[in-house]
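Structural overview for review
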Amino acid sequence: MSLQIRKLVTYIEEVRIEGGKAADRPVTSVCVAAVVKSPWAGRGFVEDLQPEIRAFASDLGALMVEKLTAAIGGADKIEAYGKAAVVGGGGEIEHASALIHTLRFGNHYREAVNAKSYLSFTNKRGGQNTSIQVPMMHKDDEGQRSHYITQEFAISDAPLDDEIVIVLGAADGGRVHPRIGNRYLDLESIAAEKAAQG
(Lines give C-alpha, C1' and ligand atoms only; values in the text may rest on other atoms or scores of the structure.)
Protein backbone atom coordinates (compact mmCIF):
# COMPACT_ATOMS: atom_id res chain seq x y z
CA MET A 1 0.00 0.00 0.00
CA SER A 2 1.30 3.47 -0.87
CA LEU A 3 0.37 6.87 0.52
CA GLN A 4 -2.25 8.50 -1.67
CA ILE A 5 -1.10 11.99 -2.69
CA ARG A 6 -3.99 13.89 -4.26
CA LYS A 7 -1.85 16.81 -5.28
CA LEU A 8 1.32 18.79 -4.65
CA VAL A 9 1.13 22.55 -4.28
CA THR A 10 4.02 25.01 -4.49
CA TYR A 11 3.67 28.53 -3.09
CA ILE A 12 6.39 31.10 -3.86
CA GLU A 13 6.70 34.63 -2.50
CA GLU A 14 9.40 37.19 -3.28
CA VAL A 15 9.65 40.21 -0.99
CA ARG A 16 11.13 43.29 -2.70
CA ILE A 17 9.89 46.16 -0.51
CA GLU A 18 9.10 46.20 3.21
CA GLY A 19 8.09 49.25 5.23
CA GLY A 20 8.29 51.35 2.07
CA LYS A 21 12.00 50.62 1.68
CA ALA A 22 13.46 48.46 -1.10
CA ALA A 23 15.33 45.33 -0.08
CA ASP A 24 19.08 45.14 -0.64
CA ARG A 25 18.16 41.93 -2.42
CA PRO A 26 14.76 40.24 -2.75
CA VAL A 27 14.07 37.42 -0.30
CA THR A 28 12.27 34.39 -1.69
CA SER A 29 10.29 31.96 0.42
CA VAL A 30 8.88 28.71 -0.92
CA CYS A 31 6.41 26.24 0.53
CA VAL A 32 5.70 22.82 -0.91
CA ALA A 33 2.55 21.10 0.30
CA ALA A 34 1.45 17.51 -0.20
CA VAL A 35 -2.28 16.87 0.11
CA VAL A 36 -2.51 13.24 1.23
CA LYS A 37 -5.28 10.91 2.23
CA SER A 38 -4.86 10.18 5.91
CA PRO A 39 -3.78 6.56 6.39
CA TRP A 40 -5.88 6.54 9.58
CA ALA A 41 -9.09 7.91 7.99
CA GLY A 42 -12.24 5.96 8.77
CA ARG A 43 -10.54 3.60 11.23
CA GLY A 44 -11.75 5.08 14.49
CA PHE A 45 -9.23 5.57 17.29
CA VAL A 46 -5.95 3.91 16.29
CA GLU A 47 -3.70 3.24 19.26
CA ASP A 48 -0.44 2.57 17.42
CA LEU A 49 0.43 5.06 14.66
CA GLN A 50 3.94 3.70 14.12
CA PRO A 51 3.24 1.23 11.29
CA GLU A 52 1.99 4.04 9.02
CA ILE A 53 4.75 6.40 10.14
CA ARG A 54 7.35 3.77 9.23
CA ALA A 55 5.61 3.01 5.95
CA PHE A 56 5.07 6.54 4.66
CA ALA A 57 7.00 9.31 6.42
CA SER A 58 10.43 8.72 4.90
CA ASP A 59 9.30 8.50 1.27
CA LEU A 60 7.10 11.57 1.76
CA GLY A 61 9.97 13.54 3.28
CA ALA A 62 12.33 12.60 0.45
CA LEU A 63 9.81 13.58 -2.22
CA MET A 64 8.98 16.92 -0.61
CA VAL A 65 12.62 17.88 -0.07
CA GLU A 66 13.32 17.12 -3.72
CA LYS A 67 10.43 19.35 -4.84
CA LEU A 68 11.28 22.15 -2.39
CA THR A 69 14.98 22.37 -3.19
CA ALA A 70 14.20 22.38 -6.91
CA ALA A 71 11.66 25.18 -6.48
CA ILE A 72 14.06 27.45 -4.58
CA GLY A 73 17.01 26.74 -6.86
CA GLY A 74 19.00 24.26 -4.80
CA ALA A 75 19.53 23.22 -1.19
CA ASP A 76 22.51 25.58 -0.89
CA LYS A 77 20.13 28.58 -1.26
CA ILE A 78 18.16 27.70 1.88
CA GLU A 79 18.89 29.76 5.01
CA ALA A 80 15.61 29.41 6.92
CA TYR A 81 13.39 26.37 7.18
CA GLY A 82 10.26 25.01 8.82
CA LYS A 83 7.35 22.59 8.50
CA ALA A 84 3.60 22.36 9.11
CA ALA A 85 0.69 19.96 8.95
CA VAL A 86 -3.07 20.44 8.86
CA VAL A 87 -5.44 17.53 9.38
CA GLY A 88 -8.99 17.66 8.04
CA GLY A 89 -12.10 17.67 10.20
CA GLY A 90 -12.38 13.90 10.32
CA GLY A 91 -8.92 13.38 11.77
CA GLU A 92 -6.91 14.02 14.91
CA ILE A 93 -4.17 16.59 15.35
CA GLU A 94 -2.07 13.58 16.36
CA HIS A 95 -2.42 12.32 12.81
CA ALA A 96 -0.98 15.56 11.42
CA SER A 97 1.80 15.44 13.98
CA ALA A 98 2.59 11.81 13.22
CA LEU A 99 3.81 12.40 9.69
CA ILE A 100 6.00 15.46 10.41
CA HIS A 101 7.30 14.83 13.94
CA THR A 102 9.49 11.89 13.11
CA LEU A 103 13.14 11.75 12.13
CA ARG A 104 12.07 9.54 9.24
CA PHE A 105 10.49 12.67 7.70
CA GLY A 106 12.55 15.59 9.01
CA ASN A 107 16.03 14.14 8.60
CA HIS A 108 15.69 14.28 4.81
CA TYR A 109 15.39 18.06 5.09
CA ARG A 110 18.03 18.56 7.78
CA GLU A 111 20.57 16.47 5.87
CA ALA A 112 19.83 18.17 2.53
CA VAL A 113 20.66 21.61 3.96
CA ASN A 114 23.26 20.50 6.55
CA ALA A 115 21.16 22.07 9.30
CA LYS A 116 21.95 22.36 12.99
CA SER A 117 18.67 23.88 14.24
CA TYR A 118 15.47 21.97 14.89
CA LEU A 119 12.63 22.38 12.41
CA SER A 120 10.08 24.86 13.77
CA PHE A 121 6.50 23.81 13.10
CA THR A 122 2.77 24.17 13.40
CA ASN A 123 0.21 21.39 13.43
CA LYS A 124 -3.53 21.92 13.62
CA ARG A 125 -6.97 20.88 12.40
CA GLY A 126 -8.70 22.82 9.64
CA GLY A 127 -11.00 22.64 6.66
CA GLN A 128 -10.71 23.57 3.02
CA ASN A 129 -8.99 26.92 2.42
CA THR A 130 -7.78 27.10 6.02
CA SER A 131 -4.84 29.39 6.68
CA ILE A 132 -1.60 27.40 6.78
CA GLN A 133 1.26 29.02 8.70
CA VAL A 134 4.80 27.74 8.27
CA PRO A 135 7.15 29.24 10.88
CA MET A 136 10.80 29.25 9.93
CA MET A 137 14.12 29.91 11.62
CA HIS A 138 17.76 29.95 10.57
CA LYS A 139 18.83 26.42 9.72
CA ASP A 140 22.04 26.74 11.76
CA ASP A 141 21.19 29.18 14.55
CA GLU A 142 17.81 29.32 16.31
CA GLY A 143 18.85 32.53 18.10
CA GLN A 144 19.24 34.51 14.87
CA ARG A 145 15.98 36.45 14.90
CA SER A 146 16.47 37.92 11.42
CA HIS A 147 15.32 34.55 10.07
CA TYR A 148 12.17 34.23 12.17
CA ILE A 149 9.75 34.22 9.24
CA THR A 150 6.22 32.86 8.96
CA GLN A 151 4.92 32.05 5.51
CA GLU A 152 1.14 31.92 5.19
CA PHE A 153 -0.99 30.55 2.37
CA ALA A 154 -4.10 28.44 1.78
CA ILE A 155 -5.23 25.67 -0.57
CA SER A 156 -8.78 26.28 -1.74
CA ASP A 157 -9.89 22.63 -1.72
CA ALA A 158 -7.78 21.13 1.06
CA PRO A 159 -7.73 19.47 3.41
CA LEU A 160 -10.86 17.41 2.90
CA ASP A 161 -12.17 15.66 6.02
CA ASP A 162 -10.10 12.54 5.37
CA GLU A 163 -6.90 14.34 4.32
CA ILE A 164 -3.74 15.81 5.80
CA VAL A 165 -1.79 18.67 4.27
CA ILE A 166 1.94 18.27 4.90
CA VAL A 167 4.17 21.30 4.25
CA LEU A 168 7.87 22.14 4.09
CA GLY A 169 8.95 25.78 3.95
CA ALA A 170 12.21 27.48 3.04
CA ALA A 171 13.61 30.99 2.56
CA ASP A 172 16.81 32.15 0.94
CA GLY A 173 17.34 34.91 3.49
CA GLY A 174 15.89 36.55 6.56
CA ARG A 175 13.45 39.44 6.78
CA VAL A 176 14.58 42.15 4.39
CA HIS A 177 15.22 44.85 7.02
CA PRO A 178 15.98 43.02 10.31
CA ARG A 179 16.80 45.40 13.15
CA ILE A 180 15.62 43.90 16.44
CA GLY A 181 18.90 42.18 17.27
CA ASN A 182 19.36 38.55 18.17
CA ARG A 183 18.93 36.44 21.29
CA TYR A 184 22.60 36.72 22.19
CA LEU A 185 22.54 40.53 22.29
CA ASP A 186 19.57 40.33 24.67
CA LEU A 187 21.43 37.94 26.96
CA GLU A 188 24.45 40.25 27.07
CA SER A 189 22.31 43.32 27.68
CA ILE A 190 20.28 41.69 30.46
CA ALA A 191 23.44 40.36 32.12
CA ALA A 192 25.01 43.84 32.00
CA GLU A 193 21.89 45.40 33.53
CA LYS A 194 21.84 42.86 36.35
CA ALA A 195 25.56 43.41 37.02
CA ALA A 196 25.04 47.17 37.14
CA GLN A 197 22.21 46.75 39.66
CA GLY A 198 24.29 44.88 41.89
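Residues numbered from 1 in each chain as written. Predicted model: local features only at pLDDT ≥ 70, side-chain atom pairs only at ≥ 80, totals over all residues. Heavy atoms only, no water.

**Comments concerning the layout of surface pockets**
The probe, sized like a water molecule, is rolled over the atoms to show the empty space still left. Rule in force here: Think of a 1 Å grid over the protein atoms and nothing else: a 1.4 Å probe that fits but is trapped marks a cavity, an open set flanked by protein within 12 Å on at least five of seven lines marks a pocket, and residues with an atom within 4 Å of a point count as lining. Grid points are joined across faces, edges and corners, and a volume is the space filled by probe spheres set on the points. Elements are defined by DSSP. Helices are runs of H or I of four residues or more, strands are runs of E of two residues or more, and each kind is numbered from the N terminus. Side-chain classes follow a simple rule in which Ala, Val, Leu, Ile, Met, Phe, Trp, Tyr, Cys and Pro form the nonpolar group, Asp, Glu, Lys and Arg form the charged group, and the remainder, Gly included, forms the polar group.
Each pocket or cavity is described by its volume, and for the largest pocket that value is around 290 Å³. Looking at the lining of the largest pocket, the elements that each hand over two or more residues are strand 1 (5–18), strand 2 (21–37) and strand 6 (149–153). Among the residues making up the lining of the largest pocket, the classes are represented as five nonpolar, six polar and four charged.

**Comments concerning helix 2 (residues 93–100)**
We count it as follows: Exposure classes here rest on a 1.4 Å probe applied to the protein chains alone. A residue is buried below 20% of its type maximum, exposed above 50%, and partly exposed in between. We call two residues in contact whenever any of their non-hydrogen atoms come within 4.5 Å of each other.
Where burial is concerned, most of helix 2 is hidden: six out of the eight residues are buried. Listing the buried residues of helix 2 in full gives His95, Ala96, Ser97, Ala98, Leu99 and Ile100. Of the surrounding secondary structure, the elements contacted by the buried residues of helix 2 are strand 2, helix 1 (50–72), strand 3 (80–87), helix 3 (103–113), strand 4 (120–125) and strand 7 (163–171).

**Things to note about the environment of Leu160**
Relative to the helices and strands, Leu160 is located in the loop between strand 6 and strand 7. Each C-alpha atom of the pair Leu160 and Gly91 lies 9.9 Å from the other, and the pair is 69 residues apart in sequence. Those residues in contact with Leu160 that sit more than four places away from it in its chain are Arg6, Gly88 and Gln128.

**Considerations on the side chain of His147**
Stated formally: Polar contacts, as used here, are pairs of N or O atoms within 3.5 Å; protein pairs need one atom able to donate a hydrogen and one able to accept it. Residues neighboring in sequence count only if both atoms are side-chain atoms.
Here His147 lies in the loop between strand 5 (132–138) and strand 6. A distance of 3.3 Å separates a polar side-chain atom of His147 from the backbone nitrogen of Gly174. Look past the residues within four positions of His147 in its chain and what remains in contact with it is Glu79, Ala80, Met136, Met137, His138, Gly173, Gly174 and Arg175.

**Examining the pattern of salt bridges**
The condition that has to hold: Any carboxyl oxygen of Asp or Glu within 4 Å of a side-chain nitrogen of Lys or Arg constitutes a salt bridge here.
Counted under the stated rule, the structure contains ten salt bridges. In this structure, Glu14 engages Arg16 in a salt bridge whose closest nitrogen and oxygen atoms are separated by 2.6 Å. Judged by relative accessible area, which is 41%, Glu14 ranks as partly exposed. The exposed category is assigned to Arg16, whose relative accessible area is 53%. Measuring nitrogen to oxygen at the nearest pair gives 3.0 Å for the salt bridge that ties Arg43 to Glu52. Given a relative accessible area of 10%, Glu52 falls into the buried group. When salt bridges that share partners are traced, they join Arg6, Lys7, Asp157 and Glu163 into one network.

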